[in-house]
Amino acid sequence: MKCWSTLAIVLFLLSALGCQTPQTSRIAVDDYVEMTAAMAQSLRQSDAFTRRSPASEPWVVSFDKVLNLSSEIMTQGEQWGVVAMVRGAQPINSLWNDKRVAFVIPAQYAIDQRGTLDAERADKGFGSERGVTHTVTSTFRSVTRVGEGGNGRTDVYACEFQMLDLNTNEPVWLDTFEFKRTATGSVRD
Amino acid sequence: MSDQRSTQRGPINRGLSFFVALTAALAVLFGVGCKSDMRPSPHGKMRVGDFAGARDMVEAQVEDDLSERRYMLDRMRAGVLNLDAGDPVRAERWFADVYDVLRTQGLNEDKTVRSVVFTEGVKVWKGEPFEQAMALVYYGFVQASQGSWDNARAAAGNALFYLRDFEPEEGGKPERRIDTEEIARRAAAYEAKQRGEEPEYADGDEYLDNGYVAEENNFTMAYLLHAISSQQLGRDAEASDYFNRVVKLSPQHRPLVKRLRAGEYNTIVVVADGLGPRKIATGPGGALSRYQPIDTTRTPARVSVVGQAPTEMPAITNLNAMALDHRWNNLEDVRVAKNVLGNVLIAGGAIVIAQGIEDESFEAAAIGAGIAALGLLFKGTAKANTDYCDVFPHRLFVAALNITEPNTDVSIDLPDVWPPSSATLRSLNPPLTNQAAFHYLRVPTDRGLDPAVIEPTNEPVTQPIPEGNLP
């Protein structure tokens, strides 16, 4: 009996030693949710938006695809996914009610999605009944720090957004949202 | 007396029997795990240019469970072969999974002890550093093929990152290597200067170059992809730093870099040929692993555009050399020690068994058998695991072309080799945007005098969305 219990303990220790959950320092959905809330707040507090009311002339704002200058590989689908997520977020959508600002996805989305089901829907009269007044460009950057021996990695992401008035070509809003993701464990193995 | 002996021997015998059975079971269980998973090889199809056939074969073998050892390896193979077969969109799906696994840390963290005690086969395969870097450069090719130069830049940066030596210098001091925060600071200072603002230089920084190149290794292809991608994004200072690095690593590519710097191109063609080295177990008890070249051709490729003089392309990546430079050997000492210990235990066990037989002692014989079985277990699990990505090419070449006429054919030849290898990239068009087009093709090596003809599948969309719908 003693032999069995010793063996069981040894096997348990072997299998449990160093046990930990795999982690990643990639951007997560939660980061985008937080970012859109912060973005909506930043827009509301900006000079351009504080002057606006439900009676203002509507603005139609088109999102450009993310320019990815971070170390992350974000596929075109993921880049458009970020745009769709930001545009579809409740804090952003609510800007229509009290500020008369609507956010739309640009035609480039339809071009990139050609041949897919989304494109079939999007191509038909895509954006034909709207007059875009502003555009939002976004650039993602990141800085990476790795622990000694390649153990542990931290990525700091900075997502910069700029809204441009297409009539005057002047920026009306600019802000950067940062978040940090840390993962333990070897970056290679 | 006899009853006394039998009562004493009973528990001992049971314990010994258990020990022998357990050791033998472990030997069988983990002994089989040390061999690599042998699957039908796609090499035959690849040699004759049937990349779609090779892709189908490999895709049918893909493991879907992330905890399976071959999860990432299967996807890496499928991604490479999809690009070989001219389908970057399908390749992207596989490489996205590969990237996801590479960016997941601690996947094998809880398996380190078991991999030392038992076999490396318990770990999820993440490949050698050079395989990780190659996979990321291939992901970059996939992105560039689809016009995503920003992602190609990120992929090239990742490839360089995974070849980085994270160990501190001898003496315990951290490496004297500028980190990415420093790079970002210098880059910000440079960009501020470009905007006419006063940059915040530290003392002496103004004499340095732009400071974009963070990772230092010899993976020229990744540096070049980074340089071209940066240039396509209008980041000329960054591109310049990476071009400098390419010339420093490979002076024979100076003419190519000169052409690229001058922007005298609108199409990048990456050519792959041959098969990369195979991983074999070698040394005592197969405890060591090494990469054995399959193809060894060293002649440059020749690229010809109709109406333009042929250009010689020296190889920018040779996987045979890369495999020697960037691979793990962290478990080799353990495996060698296990092999030696296994030999000692087997020999010792045999002696004890012989002694037991001579003395007519069941206990001694059983102990000897247990020791020998333990020795077999150690030897069986000492063999190096030889799983490797068997679809990477032997070499990569890069050509910068200026395609000015629609339906231009580009031919690639590998002269002075037998059988002669050639391929034609048919009906290339000038790019519709101000960004360069990217094409990848793999030259089959066993087609004899019958050149492969490849139709590009990533031609730009020729029917834009009606202007009326654009913002």
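As the structure is a prediction and not an experimental result, all values here were calculated from the model.

> Help me understand helix 5 (residues 88-102) of chain B in this model?
For an α-helix the count is 3.6 residues per turn, leaving residues at separations of three or four pointing the same way. Residues and elements named next belong to chain B. In this model helix 5 runs 20 Å from its N-terminal to its C-terminal C-alpha over 15 residues, within 8% of the 21 Å that 1.5 Å per residue would give. Here helix 5 has its buried residues at Pro88, Ala91, Glu92, Trp94, Phe95, Val98, Tyr99, Val101 and Leu102. Looking at the packing, one finds that the buried side of helix 5 touches helix 3 (51-59), helix 4 (71-84), strand 1 (104-105), helix 7 (129-145) and helix 8 (149-162).

> I keep staring at a nonpolar patch on the surface and nothing clicks. Help me out?
Together, Val29, Val33 and Met85 of chain A make up an exposed nonpolar region whose accessible area comes to about 240 Å². Along the chain, Met85 of chain A falls in helix 4 (residues 76-88).

> Is there a simple way to explain the side chain of Asp390 of chain B in this structure?
All names here are of chain B. Assignment of secondary structure puts Asp390 in the loop between helix 15 (362-380) and strand 8 (395-401). Among the polar contacts listed, one links the side chain of Asp390 to the side chain of Arg77, at a separation of 2.8 Å. Those residues in contact with Asp390, other than ones at most four positions away along the chain, are Pro42, His43, Arg77 and Leu275.

> What is the right way to read the pairing of strand 5 (residues 134-146) of chain A from this model?
For a regular strand, side chains alternate in direction, first toward one face of the sheet and then toward the other. Residue and element names in this part refer to chain A. Relative to strand 5, strand 2 (residues 59-63) is paired through three bridges, and the arrangement is parallel. Looking across to strand 5, one finds that Val61 is bridged to His134. Here strand 3 (residues 67-69) runs beside strand 5; their pairing, made up of three bridges, is parallel. If you follow Asn68 over to strand 5, its bridge partner there is Phe140. For strand 5 and strand 6 (residues 151-165), the ladder comprises 13 bridges, and the chain directions are antiparallel. When the sheet's bridge partners are listed, Val143 is paired in strand 6 with Val156.

> Whenever I open this one, the packing of helix 8 of chain B against helix 10 (residues 220-232) of chain B confuses me. Can you help?
Helix-helix packing: each pair is described by the crossing angle between the helix axes and the interaxial distance. Residue and element names in this part refer to chain B. Look at helix 8 against helix 10: their axes get within 8 Å of each other, and the N-to-C directions meet at 150°. Relative to helix 10, helix 8 is oriented roughly antiparallel. Of the two possible hands of crossing, helix 8 and helix 10 adopt the one that is left-handed. Contacts between helix 8 and helix 10 involve Trp149, Ala152, Arg153, Ala156, Gly157, Ala159 and Leu160 from the former and Ala222, Tyr223, Leu225, His226, Ile228, Ser229, Ser230 and Gln232 from the latter. Here the contact of helix 8 with helix 10 is built from residues that sort into nine nonpolar, five polar and one charged.

> Looking at this structure, how should I read the pattern of salt bridges?
Two side chains bearing opposite charge may form a pair once their charged atoms approach each other closely. As enumerated under the stated definition, the model contains 25 salt bridges over all chains in all. A salt bridge links Asp295 of chain B to Arg47 of chain B; the nearest nitrogen and oxygen atoms lie 3.1 Å apart. Here the residue Asp295 of chain B occupies a position in the loop between strand 4 (288-292) and strand 5 (301-305), and Arg47 of chain B occupies one in helix 2 (residues 43-47), the gap between them amounting to 248 residues. In this structure, the salt-bridge partner of Glu238 of chain B is Arg235 of chain B, at a minimum N-O distance of 2.7 Å. One salt-bridge network, held together by shared partners, links Arg26, Glu72, Arg153 and Asp155 of chain A together with Asp100 and Arg103 of chain B.

Rules behind the numbers
- Residues numbered from 1 in each chain as written.
- Chains lettered and ligands numbered in written order.
- Predicted model: local features only at pLDDT ≥ 70, side-chain atom pairs only at ≥ 80, totals over all residues.
- Heavy atoms only, no water.
- Helix = DSSP H or I, 4+ residues; strand = E, 2+ residues; numbered from the N terminus.
- Expected span 1.5 Å × (residues − 1).
- Buried < 20%, exposed > 50% of the residue type's maximum accessible area, 1.4 Å probe, protein only.
- Contact = heavy atoms within 4.5 Å.
- Patch = residues over 30% accessible without salt bridge, like charges linked within 9 Å, V, L, I, M, F, W, Y side chains within 5 Å.
- Areas by Shrake-Rupley, 256 points an atom, 1.4 Å probe, with all protein chains shown as cover.
- Salt bridge = Lys/Arg side-chain N within 4 Å of Asp/Glu carboxyl O.
- Polar contact = N/O pair within 3.5 Å; in protein donor to acceptor, adjacent residues only side chain to side chain.
- Pairing = 2+ DSSP bridges.
- Axes fitted to C-alpha atoms, helices over the stretch in contact; angles between N-to-C directions.
- Parallel < 35°, antiparallel > 145°, perpendicular 65-115°, else oblique.
- Left-handed = near helix turned anticlockwise from the far one by under 90°.
- Nonpolar A, V, L, I, M, F, W, Y, C, P; charged D, E, K, R; others polar.

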